[in-house]
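Architecture and fold: a report
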Amino acid sequence: MGGRVEYEPASAKDLLVELKDTAELLVDLSFSAVLHGSDNVADEVLRLEKRMDVLQLRARMTLLLAARSPADAESLAPVLGVVAATEKMSDAAGDIAKVVREDVGLPDAMQGALPDAAESLVRGRLVADSRYADRTLGDVDLETNTGVRVIAVRRGDGDAGDWLPNPGPETTLRPADVLLLRGPTTGVEGVYETVTGTAYDPPAPSEPAVADLGRAVTSVALMKNMSELAVDLAYGAVLFDDDGLAEEVVELEAEVDALKSRFEAWTLRAATDIADPVSLRGLMQIATATEVISDAAVEISEGVLRGLDTHIVVQEAVEASDEVVVRVPVGAGGELPGTTLGDQRVKTRTGMRIIAVRRGATSDTGDVAAAGSRDGHRSPEDAWVIEPGPETTVRAGDVLLAKGTRSGAQKLRELAGA
C-alpha cells in the first residue's frame, strides 16, 4: 500500500492534462511490454500506475473543492467520470504488465505479432558520454534523422522519479535519464546504442504452431490497436467537446467486443491442440484487460455523448494543448479519393498525422467495400485501417482520424473535400 496522500493546491486543468498524458503512456507501454517481452518496460508501467493512483486522488480532491453549487456539481460530474474511467484504464494496463513481470503464462506466438507492428518501443538509460547527453531534443532532431521519437523521459530513480510524458524540442536530455524510444526497428537499434552505449538485441519473432492460436493472437493485437485508438479519441472528444469523436469511440468499443468473442472461440479451440493450455492464461488476461480499456474509453466520452456542457477546467485544458484530434470525412470532390496518403504527401502538406481510417460503407462504385462482408456487416479488419501508412489508399466516404494543429486540421479538411 502507498503512503498517505494529502491535499495540495493544484490546478485542475494541469491535473487533467497530466492524467490524460499518463493514461495514454500507460496503455502504450503495457502493450509494448507484452509484444517485446520486456521486464524493464513492464516495471515502468507499474511505476507509472503508482503515480497515477496519486494523481487520481489529487484530481478528485481538487474537483470536489471546485464544486460550489448544484450547477458546478452537474458540470463537474462528467469530469469526475473521466477520472474514474482513467483509474480503470490504469489498473487494466497494470494487469497487462503483470502478465510479463509475474510470468503468468504467455504463448511464444505473441512475438509473432511484432512484424505487424511497424514500430518498436524500447527503454534505455542515457550514458554520460552519449552524444545526446546535455542536448535538447530540438538540437538532436532525432525523429527527422532516424525516424525514432522519445515518447517519455523518467528523471530520477525509483517510484519517486519525475516523468515527462510528452517531451518537446526544448527538453534537455540529461545523463542517467531513462528514455522510452519508439520507431522503426532499424532506427531504434542505432539510437539505443547511442543512448546506452550497448547494442540492441531485439526479440526474435516465432510463428505459432497451432493455427487457431495464431488467429487468437492476431485478434488480441488488433484489439490492442483499436483500444489505444479509442483512448486517444476519447480524450480528444472530451477536450474538444466533439460528439463525432465520441461516436467513433462507441464504434471502436463495439469492434473490440466483436473481436473478443472471436478471440475466445479461437483460444478455446487452440487449448485442445497445445500441450500446456495453462500457458494461455496470460493471453486471456490481456484480452480481458484490453476490453476494459475500450470500455473505459466510452466512459470517458459519456459526458459528450449525453450532451452535457463542458466545464471550465476542461476548456482550460484545451487551451493548454497545442494538439487537436479531428475526424475528417472524405468527399468525392476532394484531392484524396483514389490516391494514397503518400501520393498526396498528407503529413507534409498539412502537418497532420493520420492515426486511423474508418472505411466508408460503400466504395466509389456503390458496392459494399469490404471484401468478405455478409449482409453489409464487415469485420473490424475490413472496417478500419489502424496506423495507416504512405501506401494506404483513401476512398470517398472514408473518415480520417488525425492529430495535429488547428491550422493543419483545416488544411486536411480542404484536401479531403470535407
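Each remark here, short or long, concerns the structure printed above.
Attention in this report is confined to the structure presented alongside it. Residues take numbers from 1 onward in each chain, read along the sequence in its written order. Only residues with pLDDT of at least 70 get local features here, since the model is predicted, and only at 80 or more are side-chain atom pairs given and counted; chain-wide, interface and lining totals rely on the full set of residues. The side-chain values count all of the structure's non-hydrogen atoms but skip hydrogen atoms and water molecules.

Segments assigned H or I by DSSP are reported as helices when at least four residues long, segments assigned E as strands when at least two residues long, and all are numbered from the N terminus. Inspection of the secondary structure assignment puts V79 in helix α3 (residues 70-101). Type-normalised accessible area, obtained with a 1.4 Å probe on protein chains alone, sets the label of each residue: buried when under 20%, exposed when over 50%, and partly exposed for intermediate values. Residue class for V79 comes out buried when judged on its relative accessible area of 5%. Separated by 223 residues in the primary sequence, V79 and E302 have C-alpha atoms spaced 9.9 Å apart.

Turning next to the packing of helix α7 (residues 211-239) against helix α9 (residues 281-305). Fitting a line to C-alpha atoms yields each axis, with helices limited to the stretch in contact; the angle taken between N-to-C directions then spans 0 to 180 degrees. It is the contact of α7 with α9, at a shortest axis distance of 9 Å, that shows an interaxial angle of 20 degrees. Taken together, the axis directions place α7 and α9 in an arrangement best described as roughly parallel. Considering how the two elements wind past one another, α7 and α9 form a crossing that is left-handed. Classification used: nonpolar for Ala, Val, Leu, Ile, Met, Phe, Trp, Tyr, Cys and Pro, charged for Asp, Glu, Lys and Arg, polar for all others including Gly. Of the residues contributing to the contact of α7 with α9, the split by class is 18 nonpolar, four polar and two charged. Roughly parallel refers to an angle under 35 degrees, roughly antiparallel to one over 145, roughly perpendicular to one between 65 and 115, and oblique to any angle outside these ranges. Definitions for this section: a left-handed crossing has its near helix turned counterclockwise from the far helix by less than a right angle. A right-handed crossing has that turn clockwise.

To continue, consider the sheet that holds strand β8 (residues 353-358). Any two strands are treated as partners once DSSP identifies two or more bridges connecting them. Spatial strand order, β7-β10-β8-β9: four strands in an open sheet with antiparallel pairing. Each edge of the open sheet is held by one strand with a lone partner, namely β7 (324-329) and β9 (384-386). Adjacent strand axes in the sheet meet at a mean angle of 25 degrees, parallel and antiparallel pairs treated alike. As judged from the six bridges shared by β7 and strand β10 (residues 399-404), these two strands associate in the antiparallel manner. Following the sheet pairing, V324 is matched in β10 by G404. In what follows, a contact means two residues having at least one pair of non-hydrogen atoms within 4.5 Å. Docked against the sheet, α7 engages β7, β8, β9 and β10, running at close to 90 degrees with respect to β9. Packing of helix α8 (residues 243-271) onto the sheet brings it into contact with β7, β8, β9 and β10, and relative to β7 it is tilted by some 80 degrees.

Pairing is antiparallel across the open sheet formed by four strands, whose spatial order is β1-β6-β3-β4. Only two strands of the sheet have a single partner each, and these edge strands are β1 (120-125) and β4 (162-164). If you compare each strand with its neighbour and ignore which way they point, the axes differ by 15 degrees on average. Across three bridges, the pairing between strand β3 (residues 149-155) and β4 is antiparallel. By the bridge assignment for β4, R154 is matched with W163. Contacting β1 and β6 (178-183), helix α6 (residues 185-196) crosses the sheet at an angle of about 5 degrees to β1.

A side-chain nitrogen of Lys or Arg and a carboxyl oxygen of Asp or Glu constitute a salt bridge if their distance falls within 4 Å. Summed over all chains, the structure comprises 22 salt bridges. Here R182 ties to D28 by a salt bridge, and the two come within 2.7 Å at their closest N and O atoms. Of this pair, R182 sits in strand β6 while D28 sits in helix α1 (residues 12-35), and the two are 154 residues apart along the sequence. A salt bridge links E44 to R154; the shortest N-O distance between them is 2.7 Å.

On to the pairing of β10, then. Counted residue by residue, β10 has six buried out of six residues, so it is predominantly covered. The pairing of β8 with β10 spans five bridges and is antiparallel. Bridge pairing in β10 links I354 to A402.

Another point: the pairing of β6. By the criterion of burial, β6 is predominantly enclosed, with six of the six residues buried. Alternating residues of β6 divide into V178, L180 and R182 and L179, L181 and G183, and every residue in both groups is buried. Looking at chain direction, β3 and β6 are connected through five bridges and run antiparallel. Counted as the bridge partner of R149 is R182 from β6.

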